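Architecture and fold: a report
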Amino acid sequence: MSVRISMLDRSRTRRDQPDAAALTQTVARAQHAESVGYHRFWVSEHHGVPGVASGRPALMAQAVAAATNTIRVGSGGVMLPNHRPLVVAEEFAVLTALHGERFDLGVGRSLGFTKPVREALGATQAEPSDFLRDIASLREYLAGRADITMRPSLPGTIPVFVLGTGSGLKFAAELGLPVVVGGPLIASDPAPFDEYRAAFRPSAECPEPYLVVSAEIFVADTGSEARELALPEAWAMAQSRLTGAFPPLVPTTTIPAPLAAREAEYVDQALEFVIAGTEDTVQDRLQELITRTGADEIMSTASTFDTQALYASDSRLVEVVKSL
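Residues numbered from 1 in each chain as written. Predicted model: local features only at pLDDT ≥ 70, side-chain atom pairs only at ≥ 80, totals over all residues. Heavy atoms only, no water.

1. Quick notes on the overall build of the chain
Put simply, the rule reads: Think of it this way: any DSSP run of H or I at least four residues long counts as a helix, any run of E at least two long counts as a strand, and we number them from the N terminus. We compute the radius of gyration from the C-alpha atoms alone; for a globule the expected value is 2.2 Å times N to the 0.38, where N is the number of residues. Here's how the labels work: a residue is buried when its accessible area is under 20% of the maximum for its type, exposed when over 50%, partly exposed in between, all with a 1.4 Å probe on protein chains only. By definition in these notes, contact holds between two residues if any of their heavy atoms fall within 4.5 Å. What sets the accessible areas is the Shrake-Rupley method with a 1.4 Å probe; for residues, cover comes only from the shown protein chains. Working convention for charge: Lys and Arg count positive, Asp and Glu count negative, and His plus the chain ends are omitted. Charge positions are represented by NZ for Lys, CZ for Arg, CG for Asp and CD for Glu.
In terms of regular secondary structure, the chain is built from 11 helices and 10 strands. Rg of the C-alpha trace for the chain: 19 Å, near the compact-globule value of 20 Å for 324 residues, within the 12% margin. Viewed in the frame of its principal axes, the chain has a C-alpha envelope of about 60 × 40 × 35 Å. The buried share of the chain, taken over its 324 residues, is 50%. By sequence separation, contacts in the chain at least 24 residues apart represent 75% of the contacts at least 6 residues apart. Summing over all exposed atoms, the chain offers an accessible surface of approximately 14,100 Å²; the carbon and sulfur share of this is 52%. For the chain, the separation between the mean place of its 28 positive charges and that of its 39 negative charges on side chains is 4 Å.

Written as structure tokens, this is what we have:
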């Protein structure tokens with residue numbers, strides 16, 4: 001497989017199910033991802049969001065690693081404004097000591113979604129200079145070069161990935177680190193990605209540029225079936241814009257049709273960057289994406305209410321990527 005395929009699961013909650021079910025579902029999905037050939041499986045950090053059950057990526061990574069054997073496990077990501085670099089380094093060092101060298105440390109600088117969350121976390125601003133400083137400190141601890149000797153000591157390395165938009169690409173190039181990019185930027189012209197590669201400063205951890213592009217990707221028998229899989233997440237995104245709260249996933253059958261004008265507009269906007277269709281359609285769109293961005297790896301961020309349909313889509317996606 002010339003291009004790797006990986007997965008980010010955000011522990012999405014579902015209507016009429018307890019939050020705990022979302023966490024156990026994340027672990028089960030990781031086991032399935034490992035069995036069908038995904039390269040890595042990442043978890044995320046969100047706080048006080050009704051639609052996401054996990055706010056502690058290190059704890060979720062521990063649960064996933066304990067239930068799997070070979071798949072790489074990581075964070076997509078740890079939001080450094082919320083944490084001290086030493087604590088983050090120690091958490092992932094413990095994971096490595098317990099489960100071996102298969103962890104990735106994706107880091108970002110997003111703040112909490114609401115003012116009360118930001119205040120509760122003690123992180124109300126995220127300046128670029130602070131982010132760069134925290135990444136530098138984190139790398140010093142992981143490499144054993146800091147004034148404080150972190151314990152447990154690491155037998156090898158933990159790759160650090162930068163999550164971000166345009167600024168994330170610039171930071172990753174400056175620091176000599178791999179980068180993960182999603183959202184509207186992956187639909188733009190290739191200039192930002194070309195600039196990342198041109199400005200990249202090789203590091204001991206990452207001698208060459210490495211670009212991961214993330215997108216919601218669904219594979220089904222027909223285009224309409226694939227769109228139905230994408231609809232619960234798009235509906236949740238639309239509701240968050242209308243109500244200010246990101247809700248649990250709901251079955252497609254409970255989403256009203258036709259939608260109100262504003263709802264339909266927001267749903268269409270959410271679906272704009274989704275890759276959904278039959279194997280041939282998804283293959284064509286992924287090939288165009290890889291050609292335009294120069295991506296080294298594809299990371300699917302897909303989620304839907306029907307977990308069995310999600311598993312089937314995950315399996316089919318691996319086969320699509322193999323054929324690229």
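2. Regarding the sheet that holds strand β5 (residues 160-163)
Basically, it comes down to this: The rule for pairing is simple: two strands pair if DSSP sees at least two bridges between them. Only the stretch in contact is used when fitting a helix axis, every axis being a line fitted to C-alpha atoms; angles between N-to-C directions are given from 0 to 180 degrees.
Spatial ordering of the closed barrel is given by β1-β2-β3-β4-β5-β6-β7-β10, a layout of eight strands whose pairing is parallel. Each strand axis lies, on average, 25° off the axis of its neighbour in the sheet, ignoring direction. As defined by bridge partners, strand β1 (residues 4-9) adjoins strand β10 (residues 297-300) across four bridges and the pair is classed as parallel. Bridge pairing in β10 places Ser 6 opposite Met 299. Running at roughly 160° to strand β4 (residues 103-108), helix α5 (residues 128-143) makes contact with β4 and β5 of the sheet.

3. A closer look at the environment of Pro 81
On the secondary structure map, Pro 81 appears in the loop between β3 (72-79) and α3 (85-99). Here the alpha-carbon distance between Pro 81 and Thr 124, two residues 43 residues apart in the chain, equals 8.4 Å. In this view, Pro 81 contacts Gly 108, Arg 109, Ser 110, Leu 111, Ala 123, Gln 125 and Ala 126; residues no more than four positions away in its chain are not counted.

4. Section: the pattern of salt bridges
Applied cut-off: Basic side-chain nitrogens of Lys or Arg form a salt bridge, by our definition, when they fall within 4 Å of a carboxyl oxygen of Asp or Glu.
The full count for this structure, using the stated rule, is 19 salt bridges. Between Arg 133 and Asp 130 there is a salt bridge, with its nearest N and O atoms 3.2 Å apart. With Arg 133 and Asp 130 both in helix α5, this residue pair falls three residues apart, about one helical turn. The class for Asp 130 is partly exposed, based on a relative accessible area of 24%.

5. Details of the environment of Pro 152
As for its placement among the helices and strands, Pro 152 is situated in the loop between α5 and β5. Pro 152 sits 60 residues away from Phe 92 along the chain, and the two C-alpha atoms are 9.6 Å apart.

6. Description of the pairing of β1
Rules: Look down the strands so they point away from you; if the path from the first strand over the helix to the second goes clockwise, the crossover is right-handed.
Most of β1 sits inside the fold, with five of its six residues counted as buried. Looking at chain direction, β1 and strand β2 (residues 40-43) are connected through three bridges and run parallel. In the strand pairing of β2, Asp 9 is matched with Val 43. For the handedness criterion, the β-α-β arrangement of β1, helix α1 (residues 19-36) and β2 is classed as right-handed.

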